[in-house]
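# Breakdown of the fold
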Amino acid sequence: MLSFKDIIGQESVKEHLQSAISEKKLSHAYIFSGEDGSGKMMLAKRFAAALQCDSEGPEPCGCCLNCMQSEADSHPDTVYVTHEKKNITVDDIRNQLVNDVQVKPYSGKYKIYIVDEAEKMNEAAQNALLKTLEEPPEYAVIILLTTNTGTFLQTILSRCVILDIKPVENGRIRDYLMDREKLPDYVASLYAAFSCGSIGKALRYAGDESFIAAKDLVIRFVTEVGRLKQTELSELIGEMGGKDSKTSFDDYYDLMCMWYRDVMVYKATHDPRKVIFSEKISEIREQAEEKSFKALNDIFNELETARQRLNFSVSFPATMQMLVRAMKAR
């Protein structure tokens, strides 16, 4: 059943939306702003379901026809604006929203439009939308989901209630993954840390075998880089950057940064409870004893240099070999 209660975090946003429903103080236009996977669409669906529900309360009842249609993404008065091209064009906005909004709701009290990736609206599309925002029908509610409000015209921003979707605390994501996905503590902590506060990303990682493979490759790389022969090292780098690899360097970069963050944290605190790669605590302890804080800071700088080299089209194998030489010198 669609419910605000199953959304982790975002208490202030949920409270705002539910209060608006209860007090009947709705805006005609909202912007939900947050990173990919932060829960923008989930919030929009819950909000739309509550608005369409026969109970007219702050939570969808889950029993009425409107709720059942909302849960099946088939409510006739909740429209998901889509686009086939790179940008959301003026035709997309006119055909799916501007013209359609003139037709009164079929079965619900509201006509709700959810525009995902709204930052992709070009200027013409935004200007077309603006005309509706200036004089919306009383039954219209428009929800723009975006990762970047900076792409919107100021006139759009001024006519919308902007709600920021904040990152969720790692501990809450970890607990959610342990409860819902039945993951062990260590694995849930890793996915939570890597998700950067995004429940959606954490869930994707939890079901992604390529991420687990990438993690194992990174652990082998950071723990054995000083001991591998050149042929073995080349083979490992080939596995990481091969044509069949589904992992980008950014993911490898983040995992390596997490590893050396663990080494630095353990070096400073000697507390194994504070590390993410807890099943590798002996290797982390060994590196913490071997490397100075300066050496660890230098490794972070070398990782950033490697990422910049790839941005300037230096090949993956060459970039990784240069990174290895720099890491061995620390």
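Look up: the structure comes first, before these words.
Throughout what follows, the structure given in this document is the object of discussion.

Definitions and cut-offs
- Residues numbered from 1 in each chain as written.
- Predicted model: local features only at pLDDT ≥ 70, side-chain atom pairs only at ≥ 80, totals over all residues.
- Heavy atoms only, no water.
- Helix = DSSP H or I, 4+ residues; strand = E, 2+ residues; numbered from the N terminus.
- Buried < 20%, exposed > 50% of the residue type's maximum accessible area, 1.4 Å probe, protein only.
- Areas by Shrake-Rupley, 256 points an atom, 1.4 Å probe, with all protein chains shown as cover.
- Lys, Arg positive; Asp, Glu negative; His and termini not counted.
- Charge placed at Lys NZ, Arg CZ, Asp CG, Glu CD.
- 1 Å grid on protein atoms, 1.4 Å probe; cavity = no way out; pocket = protein on both sides within 12 Å on 5 of 7 lines; lining within 4 Å.
- Points joined across faces, edges and corners; volume = space filled by probe spheres on them.
- Nonpolar A, V, L, I, M, F, W, Y, C, P; charged D, E, K, R; others polar.
- Arc of directions from axis to C-beta.
- Contact = heavy atoms within 4.5 Å.
- Salt bridge = Lys/Arg side-chain N within 4 Å of Asp/Glu carboxyl O.
- Expected span 1.5 Å × (residues − 1).
- Axes fitted to C-alpha atoms, helices over the stretch in contact; angles between N-to-C directions.
- Parallel < 35°, antiparallel > 145°, perpendicular 65-115°, else oblique.
- Left-handed = near helix turned anticlockwise from the far one by under 90°.
- Core = buried A, V, L, I, M, F, W, Y, C linked by side-chain atoms within 4.5 Å.
- Disulfide = S-S within 2.5 Å.
- Polar contact = N/O pair within 3.5 Å; in protein donor to acceptor, adjacent residues only side chain to side chain.
- Phe/Tyr/Trp six-rings, centres within 6.5 Å; stacked < 30°, edge-to-face > 60°.
- Lys NZ or Arg CZ within 6 Å of the ring centre and 35° of its normal.

### Quick word on the overall build of the protein chain
A tally of regular secondary structure across the protein chain gives 15 helices and five strands. Seen through its principal axes, the protein chain has C-alpha atoms that stretch 70 × 40 × 30 Å. Across the 330 residues that make up the protein chain, the buried fraction comes to 48%. Total accessible area on the protein chain is roughly 16,700 Å²; 48% of this is exposed by carbon and sulfur atoms. Separation of charge centres in the protein chain, based on 42 positive and 50 negative side chains, amounts to 3 Å.

### Things to note about empty space enclosed by the protein
Scanning the entire structure with this criterion turns up two cavities of 30 Å³ or more. By volume, the largest cavity is sized at about 70 Å³. Around the largest cavity, the lining residues are Ile21, Lys24, Leu26, Ala50, Leu51, Glu56, Lys109 and Tyr110. Residues of the lining of the largest cavity, tallied by class, amount to five nonpolar, no polar and three charged.

### A closer look at helix H4 (residues 90-98)
One turn of an α-helix holds 3.6 residues; hence residues three or four places apart share an orientation. For H4, the full list of buried residues reads Val90, Asp92, Ile93, Leu97 and Val98. Buried residues in H4, looked at end-on, bunch into an arc of 155 degrees, giving them a common side. Where H4 is buried, its residues contact strand E2 (78-81), strand E3 (111-115), helix H5 (123-134) and strand E4 (140-146).

### Regarding the environment of Tyr176
For Tyr176, the position within the fold is in helix H7 (residues 170-180). Along the backbone, Tyr176 and Ala192 are 16 residues apart, and their C-alpha atoms lie at a distance of 9.4 Å. Look past the residues within four positions of Tyr176 in its chain and what remains in contact with it is Ile8, Glu181, Ile199 and Leu203.

### Focus: the pattern of salt bridges
Going through the model one piece at a time under the given rule, you end up with 15 salt bridges. Among the salt bridges present, the one from Lys45 reaches Asp73, with a minimum N-O distance of 3.2 Å. With a gap of 28 residues between them, Lys45 in helix H2 (residues 40-52) and Asp73 in the loop between helix H3 (65-71) and E2 connect regions that are remote in the sequence. With relative accessibility at 23%, the residue Lys45 sits in the partly exposed group.

### Here we look at helix H12 (residues 249-269)
When the terminal C-alpha atoms of H12 are compared, their 30 Å separation across 21 residues agrees well with the 30 Å that a helix rising 1.5 Å per residue should span. Next to the buried residues of H12 lie helix H8 (185-194), helix H10 (209-224), helix H11 (230-241), helix H13 (281-290), helix H14 (293-311) and helix H15 (316-328). His270, located one to two residues past H12, shows a positive phi value of around 55 degrees.

### Quick notes on the packing of H11 against H15
Relative orientation of the contacting elements H11 and H15 amounts to 130 degrees, with a least axis distance of 10 Å. When the axes of H11 and H15 are compared, the pair comes out oblique. In this structure, H11 crosses over H15, and the sense of that crossing is right-handed. Along its contact with H11, which presents Gln230, Leu233, Ser234, Ile237, Met240 and Gly241, the element H15 presents Phe316, Pro317, Met320, Gln321 and Val324.

### Regarding the nonpolar core
Of all hydrophobic cores here, the largest spans 56 residues; its most connected members are Phe221, Met240, Tyr252, Met256, Tyr260 and Phe277. Grouped together as the second largest cluster of nonpolar side chains are 26 residues, Leu97, Val115, Ala125 and Ile142 included.

### Quick word on the environment of Thr147
Secondary-structure assignment places Thr147 in the loop between E4 and helix H6 (154-157). Thr147 gets classed as partly exposed once you look at its relative accessible area, which sits at 30%. Residues Thr147 and Asp116, 31 residues apart in the sequence, show an inter-C-alpha distance of 9.7 Å. In this view, Thr147 contacts Gly34, Glu35, Asp36, Lys40 and Glu119; residues no more than four positions away in its chain are not counted.

### With respect to the state of the cysteines
Under the defined criterion, the tally for this structure stands at zero disulfides. Take Cys61: it sits in no disulfide, and the sulfur closest to it among the cysteines is that of Cys53, at 3.5 Å. Cys61 sits in the partly exposed class, given a relative accessible area of 28%. Distance from the sulfur of Cys67, which forms no disulfide, to the nearest cysteine sulfur (Cys53) is 3.6 Å. Take Cys67: its relative accessible area is 5%, and that puts it in the buried class.

### Some words on the side chain of Asp92
Looking at where Asp92 falls in the secondary structure, it is placed in helix H4. For the buried Asp92, no salt bridge exists, and the shortest N-O distance to an oppositely charged side chain is 7.3 Å, to Lys85. A distance of 2.9 Å separates the side chain of Asp92 from the backbone nitrogen of Thr89, its partner in a polar contact. Leave out the neighbours within four places in its chain, and Asp92 touches Val81, Thr82, His83, Asn87 and Leu97.

### Let's talk about the packing of aromatic side chains
Enumeration according to the criterion identifies five aromatic pairs in this entry. One aromatic cluster in this structure is built from Tyr30, Phe32 and Phe47. For the cation-ring pair, Lys267 lies above Phe293, with the distance from its terminal atom to the ring centre recorded as 5.5 Å. Directly above the aromatic system of Tyr253 lies the positively charged group of Arg307, at a separation of 3.9 Å from the ring centroid.

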